[in-house]
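# Structural description and commentary
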Amino acid sequence: ARRRAMVAAHDPAVTTDGVAVPVRANVTSVGTARLAAEAGAEGCGLVRTEALFGQHRQAPTVAEQARAFASIAEALAPHPVTLRTWDVGGDKPLPFIPSREEANPFLGVRGIRAFRTDRTLLVDQLEAACRAAQEHRLQVMFPMVTTREDVELGLEALDEAVRRTGTPRPAGLRVGIMVEVPAAALRVGDLARGLDFVSIGSNDLSQYVLAAERGSAAVGPWADPLEPAVLQMVRDVCQALDGSLSVSVCGSMAADPDVAGLLVGLGAAELSASPASVAAVKERLRAGSLADYRALADAALGCGSAREVRALLEARAVSAL
Ligand code: PEP
Ligand code: MG
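Residues numbered from 1 in each chain as written. Chains lettered and ligands numbered in written order. Predicted model: local features only at pLDDT ≥ 70, side-chain atom pairs only at ≥ 80, totals over all residues.

## A closer look at the confidence of the model for the chain
Using the following cut-off: Confidence of the predictor at the level of single residues is captured by pLDDT, which takes values from 0 to 100.
Residues with a pLDDT of 70 or more make up 97% of the chain, whose mean pLDDT is 95. In the predicted complex, the global pTM is 0.96; the interface-specific ipTM is 0.99.

## Section: the site of ligand 1
For clarity, the threshold we go by: Only the C-beta atom, placed from the backbone, is used; a residue is near a molecule or strand if that atom lies within 6 Å of it. A run of H or I in DSSP counts as a helix once it spans at least four residues, and a run of E counts as a strand once it spans at least two, with each numbered from the N terminus. Asp, Glu, Lys and Arg are counted as charged, while Ala, Val, Leu, Ile, Met, Phe, Trp, Tyr, Cys and Pro are counted as nonpolar; the rest, among them Gly, fall into the polar class.
Around ligand 1 sit Leu-46, Arg-48, Asp-87, Glu-180, Gly-201, Ser-202, Asn-203, Asp-204, Cys-250 and Gly-251, and that is every residue in its neighbourhood. Contributing elements (two or more residues each) for the shell around ligand 1: strand S2 (44–48) and helix H9 (202–209). Looking at the shell around ligand 1 element by element, the count peaks at three residues for H9. For the shell around ligand 1, the residue count by class is two nonpolar, four polar and four charged.

## Some thoughts on the sheet that holds strand S8 (residues 270–273)
Rules: DSSP calls a pair of strands paired once it identifies at least 2 bridges connecting them. Here, axes are lines fitted to C-alpha atoms. For helices the fit covers the stretch in contact, and angles between N-to-C directions go from 0 to 180 degrees.
Strand order in the closed barrel formed by eight strands is S1-S2-S3-S4-S5-S6-S7-S8, and the pairing between neighbours is parallel. Direction aside, neighbouring strands of the sheet carry axes that sit 25 degrees apart on average. Pairing of strand S1 (residues 23–27) with S8 involves three bridges; the strand directions are parallel. Across the sheet, Arg-24 pairs through a bridge with Ser-272, a residue of S8.

## A word on the packing of helix H11 (residues 257–266) against helix H13 (residues 290–301)
Heads up, the condition is: For classification, angles of less than 35 degrees are called roughly parallel, those exceeding 145 degrees roughly antiparallel, those between 65 and 115 degrees roughly perpendicular, and all remaining angles oblique. Placing a C-beta atom from the backbone of each residue, one calls two residues in contact when those atoms lie within 7 Å.
At a minimum axis separation of 7 Å, H11 and H13 run at an interaxial angle of 90 degrees. With respect to H13, the axis of H11 lies roughly perpendicular. Every residue of H13 that contacts H11 at Gly-261, Leu-262, Val-264, Gly-265 and Leu-266 is listed here: Leu-290, Tyr-293, Arg-294, Leu-296, Ala-297 and Ala-300. For the contact of H11 with H13, the class distribution of residues is eight nonpolar, two polar and one charged.

## Side note on the packing of helix H4 (residues 62–76) against helix H5 (residues 120–133)
So the rule is basically this: For any helix crossing, the convention is left-handed if the near helix is rotated counterclockwise from the far helix by under a right angle, and right-handed if that rotation is clockwise.
Direction vectors running N to C along H4 and H5 enclose 45 degrees, while the axes themselves pass 8 Å from each other. The orientation of H4 with respect to H5, classified from their angle, is oblique. By crossing handedness, the relation of H4 to H5 is classed as right-handed. Contact residues: H4 offers Val-62, Gln-65, Ala-66, Phe-69, Ala-70 and Ala-73, while H5 offers Asp-124, Gln-125, Glu-127, Ala-128, Ala-129, Arg-131 and Ala-132. Of the residues assigned to the contact of H4 with H5, the class counts are eight nonpolar, two polar and three charged.

## Things to note about the nonpolar core
For soluble globular proteins, nonpolar side chains are generally found buried alongside one another. Spelled out, the test is: For our purposes the nonpolar core covers buried Ala, Val, Leu, Ile, Met, Phe, Trp, Tyr and Cys residues that link as a set through C-beta atoms within 7 Å. With C-beta atoms placed from the backbone, a residue is labelled by how many other C-beta atoms lie within 10 Å of its own: buried for 20 or more, exposed for 12 or fewer, partly exposed between the two.
By size, the foremost hydrophobic cluster in this structure holds 100 residues, and its most contacted members are Cys-44, Phe-69, Ile-72, Ile-177 and Leu-263. Ranked by the residues each element gives to this core, the list is headed by H4, at nine residues. Those residues in contact with Phe-69 that lie beyond four places of it in its chain are Leu-83, Ala-128, Ala-129, Ala-132 and Leu-138.

## As for the environment of Leu-195
By the element assignment, Leu-195 lies in the loop between helix H8 (188–191) and strand S6 (197–200). Linking Leu-195 and Leu-245, residues 50 residues apart in sequence, is a C-alpha distance of 8.0 Å. Residues in contact with Leu-195, not counting those within four places in the same chain, are Val-175, Gly-176, Ile-177 and Leu-245.

## Notes on unusual backbone geometry
Cis geometry marks the peptide bond from Ala-77 to Pro-78, where omega comes out at 10 degrees. Tracing the sequence through the fold places Pro-78 in the loop between H4 and strand S3 (81–84). The phi dihedral of Met-144 is positive, around 60 degrees, even though this residue is not glycine. Structurally, Met-144 can be placed in the loop between strand S4 (138–142) and helix H6 (148–165). Its identity is not glycine, yet Ala-211 carries a phi of approximately 50 degrees, on the positive side.

## What about H9?
Judged by how many residues are buried, H9 sits mostly within the fold: seven of eight residues are covered. Buried residues of H9: Ser-202, Asp-204, Leu-205, Ser-206, Gln-207, Tyr-208 and Val-209, and no others. Taken together, the buried residues of H9 touch strand S5 (174–179), helix H7 (182–186), S6, helix H10 (228–241) and strand S7 (246–249). Note on H9: the residue one or two positions beyond its end, Ala-211, has a positive phi of about 50 degrees.

## What to know about the pairing of S2
Operational definition: Every crossover in which the path from the first strand over the helix to the second runs clockwise, viewed with the strands pointing away from the viewer, is termed right-handed.
Across the five residues that make up S2, a large majority, five, are buried. Where the polypeptide runs from S1 across helix H2 (residues 30–38) and back to S2, its parallel neighbour, the crossover connection is right-handed. Judged from the three bridges that link them, S2 and S3 form a sheet pairing that is parallel. Pairing of Val-47 across the sheet is with Leu-83, part of S3.

Structure representation (structure tokens):
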């Protein structure tokens, strides 16, 4: 029985009508990448690089970063690994990236915004990604993108990093953005022009759509990713791209087996979950068809509240037993 369980965990998640949904893992270290591989993750949909080097007092060197990225890629080979560039600010201070006091840090200098005036540390990181990508299957994405100018900043930094390596951009290095700000969701067709993929950060997207700070107990009842307004935005992003680019969801809702099918029904092609939930998410995705999940998504969008959506998902989970 143990052997059967192992095989199932490493099998892909294929719906009953034959649609394969890659289930990748969110990782913060080489150790969690190895755990993810053991759990059957098909690569990594989000490396939180600010956590990977969060203990460092000084910025890690290009060589140090390239080694860490290569080790994570080796742990998950042959699957792809998605590196998110420094997502600093808000809830994620980094000792080596200067920040100033802000009255509303979540509306402040977060993610790629931190590099508008000095992009050195972003270029260093992208150089490390390019160097590691010469031998490993890596892709990069930019966090907290709000405007097309943010995308251009990321792409210019990448060009500069490529020039520093003295070799062409690695052929397999795909480039994407996180969609976690409502403006980016509304304008995703424009923002994603020329890119290879987008990944919906539903933790931040929920906080910004619902104007309710993530992690705050007081506004917990408002900060629910199952609110139909958030689900609507996820579907709108998928519809706007209409299969032209693959859409992944890497926020914590993607790690909830009850919610995974709903996200696929809304149009997500891939999910990225905590290593511990990968196997359960895959198992649940195998239980239904794409048509089932689309019907579920329609039903959820017809609900009046997150509470109703949750009741709908729970009723389905019971009937799947
Ligand atoms: C998100 O915002 O959903 C996300 C995946 O990124 P983080 O939780 O690291 O902000
Ligand atoms: Mg985020």
